[in-house]
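Structural features, examined
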Amino acid sequence: MDLSGIRHEMDNRYCFALSRSTSCGASSKNPDDGVARFCVRIETAAGDMDSVILHLEDRYLYSRTDDLYGEAKKAHQDAPAGAPFHGRWSTAYTYPMRRYASDGVHDYYEAQVDINTLCTKYYFELHGRDGSTMYYSGYEFSSTEPTNPLYAFDSPQTSREESLFDAPDWAKNTIVYQIFPTAFAIDDETAGRTHADTTHAASETSGTAPTSTTTPETLAAEAASARARLAENVKNNPDWHGPVTSIFTNLHGTLRGIIEALPHIQELGAGAIYLNPVFVSPSPHKYDTVDYLHVDPSLGTDQDLIDLVAEAHRRGMRVILDGVFNHTSERFFAFQDAMKNGRDSKYWDWYWLDDWPLDPHGMPNYKTFAYYGNLPKLRTSNPEVQDYFIDVVLHWIDVAGVDGWRMDVGDEIDHVFWKRLRAAVHRKHADVILGGEAWHPAFDFLEGDEWDTVMNYHFRWSALRFFANGEFRASDVVRQIGFMRGKLHPVAWPLMWNLLDSHDTQRFLHECGEDDAKHRLAMAMQMLSAGSPLIYYGDEYGLAGGTDPDCRRGMPWDPSEQDAPTYEWYRALLRLRTSLPAVYEGEVLGMDADDERGVITIAKSTRFLESEASHMPPFELAGHDALAEHRRLALTGPRITIVYHNSPNTDRLEGFEGTTDLITGRPFDGTLAPYQALVLGTK
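Residues numbered from 1 in each chain as written. Predicted model: local features only at pLDDT ≥ 70, side-chain atom pairs only at ≥ 80, totals over all residues. Heavy atoms only, no water.

**Quick word on the overall build of the chain**
Regarding its fold elements, the chain presents 17 helices and 29 strands. Burial status across the chain gives 57% buried among its 683 residues. If you take every contact in the chain between residues at least 6 apart in sequence, the share linking residues at least 24 apart comes to 73%. In the structure as shown, the chain presents an accessible area of about 27700 Å², 50% of it carried by carbon and sulfur atoms. (Helix = DSSP H or I, 4+ residues; strand = E, 2+ residues; numbered from the N terminus. Buried < 20%, exposed > 50% of the residue type's maximum accessible area, 1.4 Å probe, protein only. Contact = heavy atoms within 4.5 Å. Areas by Shrake-Rupley, 256 points an atom, 1.4 Å probe, with all protein chains shown as cover.)

Have a look at this one:
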């Protein structure tokens, strides 16, 4: 047994609450209401274990006499089934742990259990494939079973419940549509045409929960009409459909243009819209903010943003804003004051400044974003800076009813700020999602007290290296999926913003050498994976574009600029994702990779959905594996198999006779076409 591969920490990363109890437990008149669901995890070396068993026991009751806890004994005369009985009513239980992920280096085990204690003591029983047995308790290994729970790991139930990772249910697995505002849509009025009536009592609906009563037929007609109008609106803009070669190119999109485009976005199945920055700024990209409390006039007015949120809500969609709190424009009032007054400025400590005078136009003599002198870096550890930007976030939630924030360069900002921001937001708005930009997995931001999600560039890297440039084999992708699944908190897993490209990257189609088949195969993985597909505007039409800023071309509203097969493929994937949630949240029953043929197969249960696990009622008695029976049924029940065939060759896939490709509805005859994605099951 490889002991060096075993890892468990006695903290919220490896032992955490998944629900809250509703009473004081054994101290209450309703002791069974003290049950809460907990998850306990441990990592081992890959392939090293035959089985792992979790042992739990109440920290206090284990040593108390029957006389002292006579009432508890009377309530449960017999020890619960499967519990050891040591001459007294015992609180000790054992649970087989399941291997829920593997990345080829580590295997990841967990048990989800319902407990009702003040504090739980626990240890692990490890059975190696070499025939050895070891116990891991209190950071010590032993070949004999621990006899004193005082030396075991412990988990106080109440404090872990107080650290519960709460995230908005609406955001789980929802499709998020990203818009670069200046390049998306020009409204009728700006284009000099009859102004469309696109608002519906905005002042009455702003901030309310999204609802949509539009029928599919009505929506299809609305979307087609909107696309036709928007195509007309950009006809006289000579730069709209061409490459973008300068960061200063402004295509003059507007917020009201986005409002007019909402039927298209709704028809795409988006549950949320993420807007790149919209606040006052001298640039088209607007990551150099001058005023955080007003919309840039080139995009519209503050009321336009309020109307946009209200109309999105009316159509059942949420709106997420971009928060640029790592840096400001050099024209921002605080930096201007520091430039003028030096160390006498009351804003001197808002930035990372050493020397004076400050020169934003040469080599900066202060900290900046990416060494750009016009983007001075904020000192977000300063409580005054924290207070200012917390107020900005709350202002737009209160005034416009926005539903979330994506934090630019979030991993370069102080952790204390994010903790304060989350606490301030959730005190009033528990349904608001907070996400960050990080070009790495950012596990330390995703523990339930800072962000809910992150732009999942790790997903992009895997897709890029497998589908686009061939650096990855099929097995490498499977390992990367296992790594992310193993490391991420289960609440964060369905919230991850899975992107193929963004305003900061080359378009994925460009990365594929303009190969539509490879691009569509990657789109299938994006749409059929757990998490939230983050669709960058225009990807549904095969919009091309190279390195930033060329990835910010105008949205192709004109049918002559669109790739119709890509759009139809996207719609087919959307229909399946909508009708069969198991494609993205079914319990994974197995993943296989064939490197020689470039094939990945993922079997998922259609009976057991991970989103249902947290809503399953707790057992009457604490101390039971909360999900074991459901998973047993999943293993024996109906399933689907997702297939990605990343090869220019035609191949065979045996063993799926009688199944149907649920994406296209065609019977599967065993033939794998080049660069094909399939979802095999029975109708």
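**Considerations on the side chain of Asn233**
For Asn233, the position within the fold is in helix H4 (residues 216-233). Separated by 2.8 Å, the side chain of Asn233 and the backbone oxygen of Ile186 make a polar contact. (Polar contact = N/O pair within 3.5 Å; in protein donor to acceptor, adjacent residues only side chain to side chain.)

**Quick look at unusual backbone geometry**
Cis geometry marks the peptide bond from Trp356 to Pro357; its omega dihedral reads 10°. Within the secondary structure, Pro357 is located in the loop between helix H7 (333-341) and helix H8 (383-400). Each neighbour pair has its own omega, and for Asp548 with Pro549 the value is 15°, a cis peptide bond. Within the secondary structure, Pro549 is located in the loop between strand S20 (532-536) and helix H14 (564-579).

**Comments concerning the pairing of strand S15 (residues 318-323)**
Buried residues dominate S15, accounting for six of its six residues. Side-chain alternation along S15 places Arg318, Ile320 and Asp322 on one buried face and Val319, Leu321 and Gly323 on a second face that is also buried. As paired strands, strand S12 (residues 272-275) and S15 are joined by three bridges and run parallel to one another. What sits directly across from Ile273, in S15, is Val319. (Pairing = 2+ DSSP bridges.)

**Here's the deal with the packing of aromatic side chains**
A complete count under the given rule lists 39 aromatic pairs for this structure. Aromatic side chains Tyr292 and Phe325 sit 6.1 Å apart centroid to centroid with 45° between the ring planes, which places their arrangement in the tilted category. With Tyr292 in strand S14 (residues 291-295) and Phe325 in the loop between S15 and H7, this pair connects stretches of sequence that are 33 residues apart. Side by side, Tyr292 and Phe325 carry an identical accessibility label, which is buried. The interplanar angle of 55° and the centroid separation of 4.6 Å between the aromatic rings of Phe332 and Phe333 together place this pair among those described as tilted. Its relative accessible area of 36% is what places Phe333 among the partly exposed residues. Taken together, Phe279, Tyr292, Phe325, Phe332, Phe333, Tyr347, Trp350, Tyr388, Phe389, Trp396 and Trp405 form an aromatic cluster joined through their ring pairs. For Arg379, the ring lying beneath its charged end belongs to Trp352, and the centroid distance is 4.0 Å. (Phe/Tyr/Trp six-rings, centres within 6.5 Å; stacked < 30°, edge-to-face > 60°. Lys NZ or Arg CZ within 6 Å of the ring centre and 35° of its normal.)

**Quick look at the sheet that holds strand S11 (residues 176-179)**
Spatially, the eight strands close up into a barrel ordered S11-S12-S15-S16-S17-S18-S19-S20, and their pairing is parallel. Strand-to-strand twist across the sheet, computed as the mean angle between neighbouring axes with direction ignored, equals 25°. Relative to strand S16 (residues 404-407), S15 runs parallel, the two sharing four bridges. Across the sheet, the residue bridging to Leu321 is Trp405, located in S16. Contacts from helix H6 (residues 302-314) reach S12 and S15, with the element oriented near 140° to S15. Across the sheet, helix H13 (residues 516-528) touches strand S19 (497-499) and S20, and the angle it forms with S20 is around 140°. (Axes fitted to C-alpha atoms, helices over the stretch in contact; angles between N-to-C directions.)

**Focus on the nonpolar core**
In terms of nonpolar packing, the biggest core is built from 148 residues, with Phe184 and Trp405 touching the most fellow members. Looking at this core, the element that brings in the most residues is H8, giving 10 residues. Within the second largest apolar cluster, 24 residues are counted, among which are Cys15, Tyr93, Tyr109 and Phe153. (Core = buried A, V, L, I, M, F, W, Y, C linked by side-chain atoms within 4.5 Å.)

**What to know about the packing of H8 against helix H9 (residues 415-428)**
Working note: a packed helix pair is described by the angle between its axes plus the distance between those axes. The geometry of H8 relative to H9 is characterised by a closest axis approach of 10 Å and an angle of 35° between their N-to-C directions. Both H8 and H9 take part in a crossing whose hand is right-handed. The segment H8 lies against H9, with Pro383, Gln386, Asp387, Phe389, Ile390, Val393, Leu394, Ile397 and Asp398 engaging Val416, Phe417, Arg420, Leu421, Ala424, Val425 and Lys428. The residue makeup of the contact of H8 with H9, split by class, is 11 nonpolar, one polar and four charged. (Left-handed = near helix turned anticlockwise from the far one by under 90°. Nonpolar A, V, L, I, M, F, W, Y, C, P; charged D, E, K, R; others polar.)

**Quick word on H6**
Given 3.6 residues per turn, any residue in an α-helix points the same way as the ones three and four places further on. A rise of 1.5 Å per residue sets the reference length of H6, with its 13 residues, at 18 Å; its end C-alpha atoms lie 19 Å apart and thus fit the reference within 8%. Counted residue by residue, H6 has 10 buried out of 13 residues, so it is predominantly covered. Phi turns positive, to about 80°, at Gly316, one or two residues after H6. (Expected span 1.5 Å × (residues − 1).)

**Re the pattern of salt bridges**
All chains considered together, the criterion is met by 46 salt bridges. A salt bridge links Glu311 to Arg314; its shortest N-O distance comes to 2.9 Å. Of this pair, Glu311 and Arg314 both sit in helix H6, three residues apart, roughly one helical turn. Three or more residues joined by partner-sharing salt bridges are found here, namely Arg41, Arg98, Glu110 and Glu587. (Salt bridge = Lys/Arg side-chain N within 4 Å of Asp/Glu carboxyl O.)

**Side note on the pairing of strand S7 (residues 119-128)**
Counting buried positions along S7 gives nine out of 10 residues, so the element sits mostly inside the fold. Examined bridge by bridge, strand S3 (residues 49-58) and S7 share nine bridges and lie antiparallel to one another. The partner of Ile53 across the bridge, within S7, is Glu125. Relative to strand S10 (residues 153-156), S7 is paired through four bridges, and the arrangement is antiparallel. If you follow Tyr122 over to S10, its bridge partner there is Phe153. Relative to strand S8 (residues 133-137), S7 runs antiparallel, the two sharing four bridges. Among the inter-strand pairings, Glu125 is bridged to a residue of S8, identified as Tyr135.

Any functional reading would require information that these geometric values do not contain.
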